[in-house]
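Structural features, examined
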Amino acid sequence: MPVTALLAQLQQWQQQAAQLHIRLPVIWQGSQDNLLSHAAVLLSTISYDKLYWLGTEAPADAVNLTGKQNYQLLGSECDVLVVNAFSGFNADLVAASAGCVKAGGIWLLLCPPFAKWQQQANPAHKSLLPYPLDAATHQGGFLSFWLTQLQQQNALFINEQHATELLSWPAMAQPNQATAPCITAEQQVAVKAILYVVSGHRRRPLVLTADRGRGKSAALGITAAQLAAAGKQIILTAPSPQAAATALTHFSQHVPAAQQSNLQFIPFDELLRSTKTADLLLVDEAAAIPTPVLQQLLQRFSRIVFATTEHGYEGTGRGFQLRFQQYLNQQCPGWRKLQIQQPIRYQQADPLEQLIFNCFLLRQSSNELTYSAKDKISALTYQAKDWLNNTNKLQQVFSLLSLAHYQTQIKDLAALLDNPRLQVVTLEQNSQVLACVLISSEGDIPPELAHQIYLGERRVQGHLLAQSLAFHLAQPELASLSLWRIMRIAVQPALQKQGLGTKLLGFISQQAEQQNIRYLGTSFGVSTELLQFWQRNGYQAIRLGVSSDKASAEYSILMLKPVTADGEVVQQLNRQFGHNLFLTLSGQYPLLNTRLALQLATPLPDIPALTEAELKQLALFCRNQRPYELIEPILQRWFCKHYHALPPELAAPLCSLYWQHSSWPALLTQYGFNNKNSALALFRQHIAKLISAAI
Ligand SMILES: CC(=O)SCCNC(=O)CCNC(=O)[C@H](O)C(C)(C)COP(=O)(O)OP(=O)(O)OC[C@H]1O[C@@H](n2cnc3c(N)ncnc32)[C@H](O)[C@@H]1OP(=O)(O)O
Ligand SMILES: Nc1ncnc2c1ncn2[C@@H]1O[C@H](COP(=O)(O)OP(=O)(O)OP(=O)(O)O)[C@@H](O)[C@H]1O
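Quantities reported herein were computed from a predicted structural model and do not represent experimental measurements.

The rules we used
Residues numbered from 1 in each chain as written. Chains lettered and ligands numbered in written order. Predicted model: local features only at pLDDT ≥ 70, side-chain atom pairs only at ≥ 80, totals over all residues. Heavy atoms only, no water. Disulfide = S-S within 2.5 Å. Helix = DSSP H or I, 4+ residues; strand = E, 2+ residues; numbered from the N terminus. Buried < 20%, exposed > 50% of the residue type's maximum accessible area, 1.4 Å probe, protein only. Contact = heavy atoms within 4.5 Å. Pairing = 2+ DSSP bridges. Domains from an automatic or database assignment. Arc of directions from axis to C-beta. Expected span 1.5 Å × (residues − 1). Near = heavy atom within 4 Å. Polar contact = N/O pair within 3.5 Å; in protein donor to acceptor, adjacent residues only side chain to side chain. Areas by Shrake-Rupley, 256 points an atom, 1.4 Å probe, with all protein chains shown as cover. Nonpolar A, V, L, I, M, F, W, Y, C, P; charged D, E, K, R; others polar. Axes fitted to C-alpha atoms, helices over the stretch in contact; angles between N-to-C directions. Salt bridge = Lys/Arg side-chain N within 4 Å of Asp/Glu carboxyl O. UniProt positions renumbered as here; feature names shortened; annotations may be inferred. Phe/Tyr/Trp six-rings, centres within 6.5 Å; stacked < 30°, edge-to-face > 60°. Lys NZ or Arg CZ within 6 Å of the ring centre and 35° of its normal.

Some remarks on the state of the cysteines
Overall, the coordinates contain zero disulfides when judged by the stated rule. Of all cysteine sulfurs, the one in Cys359 lies closest to Cys111, which takes part in no disulfide; the gap is 12 Å.

Below, the structure is given as structure tokens:
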């Protein structure tokens, strides 16, 4: 088909898409030069306000998305989005950006003919890899998978010869069921729910969640306008001014001019520093704001609405859902959650949204899990090469990892399909995945290279555990052994705390032993619950990372378990770790909570016991015959020697004082003491009981 005829046809299809309120996915295969000139002609014949471009060769009027962070795309919109796959194909950014295209808009993928694309996807053509993976281990599995999926989608496919229409055009969108200014009935419900946060009881926040383009931000703006008109003061915050733009636009459209000033947009960091108050705080794109910030906002404002998307690939992660919502359960048990399903930016059966969800396995399985503790459970192992013929299982594993792990992104799917060093072990019943583990085979590093890593002269990709053992722990000889690193473990949420995670780790230990793996290791953002889980399974802490994860405020911990290797080495590393942790706690880990610190540290055998005279001093303190200041050094040493055997009521405040070097005022607030004397009275009471046998 001549290009002019093709362009005329495309224009017609675009009009049809606009009428049906959908976006048009167009996949154009050919040579880069031809496609770029066709795209230029196409863009000169259609009308658009905003053009987004992913990849090189962006025209001057385009917003280039390359290098943007995924979360920066939330809440922004465009009419045309061109993905130039000739200059790389970052799957997470491709998925995140597709949500920006408005109805009647075009999503244009420029790519080599599929057969050629597939052939070229080898390390020699790194720019064409579907994800910037380690070229040495790349196998092309993800690209094969994505191309197979893509060809089955309801999209327009164009090559040099011809263009094929959509397989099916969706039916006309449902007529409007809402009262203005809302567009959908669900949006109207959301507006009512937000109003109720102001009129109902205090401390009952609302969490409004939805996929992209469901009208969350608009609902915030519409409600704010109603409240402002009634004289209420509202603060709106968001990760960036751009993310607040839609809410502000809808607010301005609906608020009487005289009440415009009743809403203020304040960036979240500025809001934390100020002492401003309001009748309602609206937080848009909340999942892209660090959890500790959200927690502080929750302390400050008694009426809050959080609106957010939840997908990991959007750059916000599921951390919001997994961690912040747990926090809400504890702090504000009356909180409510509302989800909006129906899209507004485009219609329900939008082919582009379906394409993205299908090709990147982003749909959460809606099947009910049927599980019986009595029936047989099998443990199965999968490698990268096994997935192409088993997409159903891949979907289950990826959904479970996304559901349970806040960092899961599409690049993890790519790694599963591409990286031969990764294996997945599942627990299954009736072909349903109940739990899974992602393991990376590491180590076996030649001694010479391990020594260079130890000296800090080299780094090796894909060997995080081995690298850390050689570099951080100065144990290069361990990096030369066969190691397995457990990258992720997840149990179906409904089946957690029933022993499945333990069972899975037990199976992995057995497998590791059979394959003569010397050590098993793992690294994750540490919390008291997770630490307990791993400790109960025989893993010992050997290193705590010095910086905390921005989103979760958690420190990353490295744990090790001997399999066929000498257990004494791990014991030794664990002892050293406890000792070092003790010495550095105050300076390095200001955010580590006391309970966790106590759980992490191990007894410190080289602290001298108290002499008889010192014990007597302590006893006199208990009888109120010695001032605290005098016995403080003695008490500190006694605490360090015995902390692991002390009751938590005593251990926790002493830990704050002596390890974390809390100030007295901070300590009193943290533990709810009226004053220093009442804290000292508690200390005396406990210590008297504990030392009575010793004197
Ligand atoms: C490297 C990483 O991936 S770390 C991240 C781990 N994964 C996640 O956080 C995802 C969500 N959580 C899960 O999928 C699961 O809860 C897992 C994998 C953490 C644990 O698996 P489960 O099957 O729930 O644990 P299991 O029942 O075997 O628990 C064993 C022990 O761990 C501890 N434990 C596990 N979960 C918890 C919890 N939420 N709170 C307190 N203790 C816990 C308990 O001590 C328990 O022993 P007990 O039953 O005698 O009290
Ligand atoms: N009631 C409404 N009236 C007019 N336009 C609306 C209305 N609700 C939503 N829209 C429009 O629909 C589009 C999507 O809405 P909005 O941005 O609020 O959705 P969202 O769920 O916040 O999306 P994202 O996750 O991309 O931020 C926007 O262009 C918005 O202006």
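As for the environment of Phe639
Inspection of the secondary structure assignment puts Phe639 in helix H23 (residues 628-642). With relative accessibility at 0%, the residue Phe639 sits in the buried group. Sequence separation of Phe639 and Leu654 is 15 residues, and the distance between their C-alpha atoms is 7.3 Å. Leaving out residues up to four positions away in the same chain, Phe639 has contacts with Leu646, Ala651, Leu654, Cys655, Tyr658 and Trp659.

Examining the pairing of strand S17 (residues 482-491)
Judged by how many residues are buried, S17 sits mostly within the fold: nine of ten residues are covered. Sheet topology note: the strand S16 (residues 432-443)/S17 ladder contains nine bridges and is antiparallel. Counterpart to Ala435 in the pairing with S17 is Val491. Alignment of S17 against strand S18 (residues 519-525), held across four bridges, turns out to be parallel. Across the sheet, Arg485 pairs through a bridge with Gly521, a residue of S18.

Some words on the sheet that holds strand S2 (residues 51-54)
Read across the sheet, seven strands follow the order S3-S2-S4-S5-S1-S6-S7 without closing on themselves; strand pairing throughout is mixed. Each of the sheet's edge strands pairs with one partner strand only, and the pair in question is strand S3 (62-64) and strand S7 (163-164). When strand S4 (residues 78-84) meets strand S5 (residues 101-111), the two strands line up parallel, connected through six bridges. Bridged to Val83 within S5 is Leu109.

Notes on the domain arrangement of the protein chain
Many authors give the size of an interface as the accessible area that is lost as the parts come together. Domains assigned within the protein chain are domain 1 (3-164), domain 2 (185-340), domain 3 (378-600) and domain 4 (612-691). Taking the mean C-alpha position of each, domain 2 and domain 4 sit 44 Å from one another.

Points about helix H15 (residues 447-454)
Looking at H15, one finds that the buried residues are Leu449, Ala450 and Ile453. Taken around the axis of H15, the buried residues stretch over an arc of 100°, which confines them to a single face. Exposed positions of H15 whose direction lies more than 90 degrees from the buried face are Pro447 and Glu448. Looking at the buried positions of H15, the neighbouring elements they touch are helix H16 (464-471) and helix H17 (476-479). One or two steps after H15, the chain reaches Gly456, where phi turns positive at roughly 80°.

A short note on helix H7 (residues 216-229)
Counting along an α-helix, one turn takes 3.6 residues, and residues three or four places apart therefore face a common direction. Here H7 contains 14 residues, and its C-alpha end-to-end distance of 20 Å stays within 8% of the 20 Å for a straight helix at 1.5 Å per residue. Most of H7 is tucked away, with twelve of its 14 residues classed as buried. If you check which residues of H7 are buried, you get Lys216, Ser217, Ala218, Ala219, Leu220, Gly221, Ile222, Thr223, Ala224, Ala225, Leu227 and Ala228. Immediately downstream of H7, the backbone of Gly231 shows phi near 90°, a positive value.

Here's the deal with the site of ligand 1
The environment of ligand 1 is formed by 24 residues, the closest being Lys497, Gly499, Gly501, Thr502 and Arg536. Interatomic distance of 2.9 Å between a backbone N/O atom of Ile489 and a nitrogen atom of ligand 1. One of the side-chain N or O atoms of Gln532 is found 3.1 Å from an oxygen atom in ligand 1. Here ligand 1 has 960 Å² of accessible area as a free molecule, and 77% of this is covered by the chains. Counting residues per element, the ones that place at least two in the shell around ligand 1 are S17, helix H18 (500-514), S18 and helix H19 (528-536). Its residues assigned to classes, the shell around ligand 1 shows eleven nonpolar, nine polar and four charged.

Quick look at the sheet that holds strand S10 (residues 263-265)
The strand order S10-S9-S11-S12-S8-S13 describes an open sheet built from six strands, whose pairing is parallel. The strands lining the two open edges of the sheet, one partner per strand, are S10 and strand S13 (336-340). Across this sheet, the average inter-strand angle for adjacent strands is 15°, counted without regard to direction. Pairing of strand S8 (residues 206-210) with strand S12 (residues 304-308) involves four bridges; the strand directions are parallel. When the sheet's bridge partners are listed, Thr209 is paired in S12 with Thr308. Its contacts with the sheet put helix H6 (residues 185-199) on S8, strand S11 (280-283), S12 and S13, and the angle it makes with S13 is roughly 160°. Packing of helix H10 (residues 291-300) onto the sheet brings it into contact with strand S9 (234-237), S11 and S12, and relative to S12 it is tilted by some 155°.

Thoughts on the pattern of salt bridges
Per the stated rule, a full pass over the model turns up ten salt bridges. A salt bridge links Arg214 to Glu353, with the nearest nitrogen and oxygen atoms 2.6 Å apart. With Arg214 in the loop between S8 and H7 and Glu353 in helix H12 (residues 351-359), the pair connects residues that are 139 residues apart, well separated along the chain. In this structure Glu353 comes out as buried when scored by relative accessible area, which is 11%. Between Glu629 and Lys676 there is a salt bridge whose closest N-O contact spans 3.1 Å. Linking Glu629 in helix H23 with Lys676 in helix H26 (residues 676-691), this pair joins segments that are 47 residues apart in sequence.

A look at the UniProt feature "binding site: acetyl-CoA" (unreviewed entry) in the protein chain
The sites that carry the UniProt feature "binding site: acetyl-CoA" (unreviewed entry) are, in the present numbering, Ile489, Ala490, Val491, Glu529 and Arg536. Position of Val491 among the secondary structure elements: in strand S17. Apart from the residues within four sequence positions on either side, Val491 is in contact with Leu400, Leu434, Ala435, Gln496, Leu500 and Gly501. Secondary-structure assignment places Arg536 in helix H19. Residue class for Arg536 comes out exposed when judged on its relative accessible area of 68%.

Examining the packing of aromatic side chains
Under the counting rule described, the total for this entry stands at 14 aromatic pairs. Look at Phe142 and Phe360: their rings are 6.4 Å apart centre to centre, the planes differ by 25°, and that puts the pair in the stacked class. Pair noted here: Phe142 is in helix H5 (residues 141-151) and Phe360 is in the loop between H12 and strand S14 (378-383), with a separation of 218 residues, a long-range link. When sorted by exposure, Phe142 lands in the same class as Phe360, which is buried. Plain terms: the ring middles of Phe621 and Tyr628 are 6.3 Å apart, the flat faces sit at 55° to each other, and that makes the pair tilted. Pair check on accessibility: Phe621 and Tyr628 agree, each one buried. Aromatic rings pair up to connect Phe524, Phe533, Trp534 and Tyr539 into one cluster. We note Arg23 situated over the ring of Tyr346; from NZ or CZ to the ring centre the distance is 3.6 Å.

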